[in-house]
Each structure stands twice: as structure tokens, then as C-alpha cells.
Amino acid sequence: MSFDNVYEAITEENDARWAFGTGFEDPLSGMDTSVPSGVDGARLAAYCLMLGDDALIFSHRLQEWCTNAPELEDEVAIANIALDLLGQARLLLARAGKADGSSRTEDSFAFLRAENEFRNVRLAELGGGHFGHLIARLFVFSTWRLALFQQLESSVDPVLAAIADKGVKELTYHRDYAAQWLVRLGDGTPLSHSRMQEGLDELWPYVGELFRTHPTEFVDAALPRPEFDAVLDQALAAATLVRPSSGELAGVSGRTGRDGVHTESFGYLLAELQSVARAMPDAKW
Amino acid sequence: MTAAAVAATVTDPELPMLTLADLGVLRSVSESGGRVVVAITPTYTGCPAMDTMRDDLEHALVSAGYPDVEIRTQLSPAWTSDWISASGRRKLAAAGIAPPGAAPRRSGPIPLTLSAPVSRVLCPHCGSADTEEQSRFGATACKALRRCRACLEPFEHVKEI
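As the structure is a computational prediction, the values presented were derived from the model and not from experiment.

What follows deals with the overall build of chain B. A count of helices and strands for chain B gives 4 helices and 7 strands. For chain B, the succession of helices and strands along the chain, N to C, is α-α-β-β-α-β-α-β-β-β-β. Its C-alpha atoms give chain B principal-axis dimensions of roughly 55 × 35 × 25 Å. Relative to its 161 residues, chain B shows a buried fraction of 43%. When contacts within chain B are restricted to residue pairs at least 6 apart in sequence, long-range pairs at least 24 apart make up 54% of them.

Dropping the structure here:
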């Protein structure tokens, strides 16, 4: 369908074409979403929720950089990365709703769960700080996720494998973008070097959690570690930065992000993410 | 017109000079017993144009006399810029957008790229090979921003994935 001018396009009635708000079509529409035999649907759903929440929450933190990045090109880059991750989140949350048989939609997962029902790692929810903090988070997150998704390309669940296969291409760009900034800042001026090291140091206590397998997890969380370490060492050497040596941040009685135990700032993030949907739960716009 | 021919006329919402078939987004069209099933694949998972593509395909087919239409999402195999057709590449270049080169082939762990790769991208305005990448991320997920050092014009480049 085409229009003679843009005004004609936006005045069309009952138009589902706008890429915001509720009322999206199912991103898995028309795909075979049956759970493969021998696979526990509830467990698969729980795992997709973990990966989907990582992407959704980290995407939200990246979106906060819109109008705050140092240059226009970086605004665009960070927004694009956030959009890719939001796309991954949509597919994974939709997969979770199909796999557990609840038929919950991506919107109900994103907008109508409480803080302790989110299963993202705590690293994904860290906000604030300067550009060095952002680059440290983005580099660690995308290096980890890219290594993990390469493992998932051979998942027993064909839907999860297909999502991973697509995600790998996107995450390669994300990791390269972050790594190039890591090197530019680390191997830059004394000030940029110290800011970059500071970003890494403050994030480091949250890294151990990425590789500890939760009981409901679908694959061994430690599998991506060798690739993660190799890529990290390569980038740190080029950036003249050092790998932080601080220990891992403890959970609450051993419970961390994957168990629904989050950092203090997470409640504020969710309040912003969910406020409109909760105020008008049936709205379509 | 056959259903496949109708679907092949639908254009991309972001790159209206290209059809979805040119882009390789339109994967298959099958017709049996009056029912048309169309499979499309997203270029990038977050592509906000997917819903519009679905709507546009459905409208085109319904108005061409195929009332029973189902649009399916197909994620695997993942879209690659290699699927952009030869005519799609010509149309991109004519619109001032540099078409992609060959997508990287992958085996084993993906290497980290710490410096911008050597340019092989020709300026769509003057044809010079002396171009540089300004940003890997552009106005849409599938495009990077470049600049020509010869004619100094900025231009977009469809990324190789």
C-alpha cells in the first residue's frame, strides 16, 4: 500500500503501523512454536524469560542515553543497539509465553510483572555514570551475549536457535562498536584512560553472575567464559587497561538477578518502563 | 496476476525504491485452495517496519482479489545482505545508497574488529573508492554512514551481514 503524501498515511483509520505503544502483532506470528519433544516447556520458557529480560532491561538503559551521548553518531549508534536488543527481547518474551502454555504476550511480560518477577542479570540494570561506564557495560554485555548466542545457535529448541542465529549478527556489531570505544578511551588521554578503567572497575563485581548457571537454566552458563576471557584480554591489551581483580558482588542469601533479586535502582527503572501501560492497561495507541 | 506477482510489487516502507523481493525479505509465496501464505523475514530483529510490511502485503493481496491471506514470520535462515537482488543493488545505488559487498562468511568464533575495516565501498555519487566510515549505525538498522573523501559528500551504505 502506498500513499500520495505522508498526511494521508497518518490519518488512515485503525492503522496498526506505528512502532510504539501496545497492540503489536505477535513477532513469532506464523512460526511453528510447538515445544520439541523431550523439552520441558516451563523450563524453556523460564530460560527465554531470562535472556529476554536481559535484552529488555539493558535496552532501556541504553535508551536513557538518547540526547545524552557525546556525539550525534553515538546517539544513533546507541539507539540502534537498543532497538536491536528490544527486537531480541520481543522474540524471546513471545517465545516464553508460547513455551509455558500461558499464552502471555510480550506486553504482559514487559509491562505487568513486578520487580521480583524479572530474571535479568543485575549487570543489565545498572544505570547512570559517565560514558566510560556505558562503554564498559556495553562491551561486557555484548561480548558475553555474543559468546552465549553462538552456543545457542545449536539449541534443541529451533525457535531459540533461530533467534540466536539472528542475534549473533547484530551482537557482532554491538561488540565491535563498544570495543573500538574501549580502545579509543583506554589508549587515549590520561583522563579518558582513568574514566575507562573506572567504568570497568565499578562493573566488575557484576560479571561473575553472568557465568553462574541457575538451576532452571537451559545451557551451561560457563560455556561462553573462554571466549569472553579471550576477547576481553585482546581488547584490554589494545586499550592499555587492566582486568579488575575485585571479587563478585554477593546476592541476598545467594540469590541474584536470575532469582528476581535486583539492585535498588531497578524499581525506578521499572516504574518508568511500565507507568503508561499500568495507568491505561487496555489502551491501544 | 498470481499471488506471487502481487506480493513481488510491494515495496519496503523504509527504502521505497526497493521491493520486499529485491531486499530478500520476501521469502516465499504459496497459494492453494484460494489461501495465500506469504513468508517474510526481518532484516534485523528490532526492525520496526515488520508490522507495516505485513499490512502492506495483506492489503495488496486482498485488493488484488485474494481475501484469504496469512503472513508468516520466518527467522531461519537469518537474513543476509547477500539476498539483495542485482536489481535491488542497482536501485540502491541510483538512490545514492551504496549497496553491500559480500557478507562475511563465518566459521568458528567471531573475531573482534578493533579498527574500521579497509574500505571497498564506492561513493554512489562520484564513484570514487576513497571513502571512509563515519558511523556503523545510521538512520535505519541496516545502514552505516560514510563520507567520500573525493567529492566530500556523505552517503549511506547497506551493511554486510
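Turning our eyes to something else, we now look at the interface of chain A and chain B. Taken residue by residue, the interface counts 44 residues in chain A and 33 residues in chain B. Listed by contribution, the elements that provide at least two residues to the side of chain A that touches chain B are α3 (72–99), α5 (131–152), α6 (158–186) and α8 (225–239) of chain A. Sort the elements by how many residues they give to the side of chain A that touches chain B and α6 of chain A lands first, with 15 residues. Class assignment of the residues belonging to the side of chain A that touches chain B gives a composition of 22 nonpolar, 11 polar and 11 charged.

A few words on the pairing of strand β3 (residues 68–73) of chain B. Residues and elements named next belong to chain B. Of the two faces of β3, the one lined by V69, I71 and T73 is fully buried and the one lined by D68, E70 and R72 carries no buried residue. Direction of pairing for strand β2 (residues 35–40) relative to β3: parallel, over a ladder of 6 bridges. When the bridges of β3 are listed, V38 appears paired with I71.

With that settled, the discussion passes to the packing of α5 of chain A against helix α7 (residues 190–203) of chain A. Residues and elements named next belong to chain A. Look at α5 against α7: their axes get within 7 Å of each other, and the N-to-C directions meet at 55°. Regarding the angle of α5 to α7, the classification is oblique. In this structure, α5 meets α7 at a crossing whose hand is right-handed. Here G132, H133, I135, A136, R137 and V140 of α5 come into contact with α7, specifically with R195, M196, E198, G199, L200, E202 and L203. Here the residues of the contact of α5 with α7 sort into 6 nonpolar, 3 polar and 4 charged.

Procedures and definitions
- Residues numbered from 1 in each chain as written.
- Chains lettered and ligands numbered in written order.
- Predicted model: local features only at pLDDT ≥ 70, side-chain atom pairs only at ≥ 80, totals over all residues.
- Helix = DSSP H or I, 4+ residues; strand = E, 2+ residues; numbered from the N terminus.
- Buried ≥ 20, exposed ≤ 12 C-beta atoms within 10 Å, placed from the backbone.
- Contact = placed C-beta atoms within 7 Å.
- Nonpolar A, V, L, I, M, F, W, Y, C, P; charged D, E, K, R; others polar.
- Pairing = 2+ DSSP bridges.
- Axes fitted to C-alpha atoms, helices over the stretch in contact; angles between N-to-C directions.
- Parallel < 35°, antiparallel > 145°, perpendicular 65-115°, else oblique.
- Left-handed = near helix turned anticlockwise from the far one by under 90°.

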